[in-house]
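Listed here are the chains, written in short residue letters.
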Amino acid sequence: MRTRNSSSPFASFLVILAPILVAVLRGGDGFAAPGDDAPFGPARVLSSKRGMVVSAAPEASSAGAEVLAAGGNAMDAAIATALALAVVYPQAGNLAGGGFLVARSPDGTVQALDFRETAPALSTRDMFLGTDGRPVPKASTATSLAVATPGSVRGYAEAHRRLGRLPWARVVAPAERLAREGFLVPAGLSADLAESRELLTRWEETRRLFFPDGSPLAAGTLLRQPDLAATLARVGKEGPEAFHRGDAAVRLVSFVRAHGGVLSEEDLAGYAPVWRAPDEIRFGRLVVHTMPLPSSAGQVLRSVLAQLEVARGPAGGLDADSYHLLLEAERRAYADRNRWLGDGDCTVVPLGVILEPARLAALGASIDPARATSSASVGASLSRRAGEAEETTHLSVATPDGSAVSLTTTLNGSFGNGAIVPGLGVLLNNEMDDFAIAPGVPNLYGLVQGSVNEVRPGARPLSSMSPAIVEEDGKPLLVVGSPGGSTIPTTVLQVLLRATGGESLGDAVAAPRLHHQHTPDVVFVEKAGASEGLRESLRARGHLLRERGPIGQVHAVVFSPDGQLTGAADPRGHGAPAAP
């Protein structure tokens, strides 16, 4: 679809709001500027006029840049990068997971592909409950029952079929080579293996590959994955059917079923990605293209921005008021998300009612500028714990002709359910935990969700993944996205506001972040990321603060008027930008 210019009071306000929030979020009673006392250091930044790839692993970014140098386009590079992440970033890169992508073509057409996993046909609403009606511990996260029907391989192939340029085998080749020849284990992967020891050592093949002597692979170890290389070689030669049918499908399903799962060969063979109309959010001269349902990205971003229009607080106030308003808008947006959203293809989602302008205005008007609102009064509050695993991964690609791809993919939890399928070298997902497995029970990310998102055969679980492409006056401006579970939409929002409000992309990506998701009723603040003045101001308004580790891991690209493409990799991770 073509973009066009837009102007409205809401739009004009947001053009004013963005730099105000940027200024507030950086200084005074707010966050420290990147490079001062921010805990993560500067972003890794690279500029080029030839093309740009940014991902969570340098080897994967280089794979995408290699494909660009060989004459590939943005989609070729994005798929090559995603496949390479399945080799070098097993925490979230995958063949047996799923995700979303938003792509812009040189003519301005923007498309969105949903390759989210689906619930197997034999799934049931109560499949994770014991005879006492209570959830069985870890059943939805660390067992074969947690495995949803994978969508990544068919998703990548479908995106390449429609929008790629190079032969499919050429796009797969860098990942196959990395798996066959090996790569040096980075310190981050070694640390993550150690942290996930309990999950990973439950499975024999995973122990053999990642804990060969009983200890996690040390940083600097050469890791070769011959089974994964063979799987990629078959996929490169035969296409996605080499994964979804035949020997690979039999091996994968046999393993899952032998360990108590319900995935079938029919589930794998019948999986299909879906092209969807991207959600468009307009403000001022900007248009944000992001994912519609089953992602909550469009709903959360649209709701927060519309509420801020109404509850803008004292004009020109560069203090904690703006933080307070942002958090309160997030609280209300997530209350709707958690209660009402699900897979619109399988159940009725009252999205038109949720996002009706007058209703969003009323939500904004309900914000008290002086006091926090209890989440219990905004919606049901039954959560008992915060989010834990947040291991998804995002990549951004851009080329000088205006093409761009924003792609987020996941196994759900870090390393999925922890199992590597013998003979395939593929890690399995634990995506079933993203459904509402029981009333009032939080998922991995602390989200308590409604019956609209309950387990249904064939349904896609509600997601927070928010790949986005931002245009200004119809021209590409920003490609952005992040992992982080429930924190993804708010992470993308904060980076978007900063990067379009005058900050450099590196500063926007490195800057500290905060988050509210309705339940639990706390403000998540990165350790050392907010000044004591800001903390005291928020506490005085009634907010309960909870320190936590890094929020998100953004990989983004910005287009400059002179044709320069600048990529920034978040210092919270170990990724890097690369250019051909």
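In case you missed it, the structure is sitting above this.
Residues numbered from 1 in each chain as written. Predicted model: local features only at pLDDT ≥ 70, side-chain atom pairs only at ≥ 80, totals over all residues. Heavy atoms only, no water.

A. Molecular detail of the overall build of the protein. When you go through the protein residue by residue, the secondary structure sums to 20 helices and 21 strands. Residue burial in the protein is summarised as follows: out of 580 residues, 64% are buried. Contacts in the protein between residues far apart in sequence, at least 24 positions, make up 74% of those at least 6 positions apart. For the protein, the computed accessible surface area is about 19,200 Å², with 54% contributed by carbon and sulfur atoms. (Helix = DSSP H or I, 4+ residues; strand = E, 2+ residues; numbered from the N terminus. Buried < 20%, exposed > 50% of the residue type's maximum accessible area, 1.4 Å probe, protein only. Contact = heavy atoms within 4.5 Å. Areas by Shrake-Rupley, 256 points an atom, 1.4 Å probe, with all protein chains shown as cover.)

B. Summary view of the packing of aromatic side chains. For the structure shown, the criterion picks out three aromatic pairs. Measuring from centroid to centroid gives 5.9 Å for Trp-203 and Phe-255, while their planes differ by 45 degrees, and the two rings are tilted. With Trp-203 in the loop between helix H7 (197-200) and helix H8 (204-210) and Phe-255 in helix H11 (residues 246-258), this residue pair connects regions lying 52 residues apart in the sequence. With relative accessibility at 8%, the residue Trp-203 sits in the buried group. Its relative accessible area of 13% is what places Phe-255 among the buried residues. Sitting over the face of the ring of Trp-275, Arg-162 holds its NZ or CZ atom 4.2 Å from the ring centroid. (Phe/Tyr/Trp six-rings, centres within 6.5 Å; stacked < 30°, edge-to-face > 60°. Lys NZ or Arg CZ within 6 Å of the ring centre and 35° of its normal.)

C. Representation of unusual backbone geometry in the model. Each neighbour pair has its own omega, and for Leu-293 with Pro-294 the value is 15 degrees, a cis peptide bond. At the junction of Thr-519 and Pro-520, the peptide bond is cis and its omega measures out at -5 degrees in the coordinates. Mapping Pro-520 onto the fold places it in the loop between strand E16 (514-515) and strand E17 (523-526). The phi dihedral of His-518 is positive, around 80 degrees, even though this residue is not glycine. Looking at the element boundaries, His-518 is found in the loop between E16 and E17.

D. How the structure looks around the sheet that holds strand E9 (residues 286-290). Taken together, seven strands build an open sheet; the order of strands is E1-E20-E19-E15-E14-E9-E8 and the sheet is antiparallel. The open sheet has two free edges, formed respectively by strand E1 (44-48) and strand E8 (279-283), since each of these has just one partner strand. If you compare each strand with its neighbour and ignore which way they point, the axes differ by 20 degrees on average. Against the sheet, helix H13 (residues 297-310) contacts E8 and E9, and its axis sits at roughly 20 degrees relative to E8. (Pairing = 2+ DSSP bridges. Axes fitted to C-alpha atoms, helices over the stretch in contact; angles between N-to-C directions.)

E. A look at the pairing of strand E11 (residues 404-410). Where burial is concerned, most of E11 is hidden: seven out of the seven residues are buried. Both faces of E11 are covered, namely the face carrying Ala-404, Ser-406, Thr-408 and Thr-410 and the face carrying Val-405, Leu-407 and Thr-409. With seven bridges joining them, strand E3 (residues 98-104) and E11 adopt antiparallel strand pairing. Residue pairing for E11: Phe-100 is matched across the bridge by Thr-408.

F. Molecular detail of the side chain of Thr-410. Tracing the backbone shows Thr-410 in strand E11. Judged by its relative accessible area of 2%, Thr-410 falls in the buried class. A distance of 2.9 Å separates the side chain of Thr-410 from the side chain of Thr-392, its partner in a polar contact. Those residues in contact with Thr-410, other than ones at most four positions away along the chain, are Ala-92, Asn-94, Gly-97, Gly-98, Arg-116, Glu-117, Glu-391, Thr-392, Glu-431 and Met-465. (Polar contact = N/O pair within 3.5 Å; in protein donor to acceptor, adjacent residues only side chain to side chain.)

G. Representation of the pairing of E9. In terms of burial, E9 is a largely internal element, five of the five residues being buried. Along E9, one buried face is formed by Leu-286, Val-288 and Thr-290 and the opposite face, lined by Val-287 and His-289, is buried too. Across five bridges, E8 lies against E9 in antiparallel orientation. The residue bridging Arg-282 from the neighbouring strand is Val-287, located in E9. The hairpin turn running from E8 into E9, its antiparallel successor, is two residues long, and Gly-284 in that turn takes a positive phi close to 60 degrees.

This is a description of form; function is not addressed.
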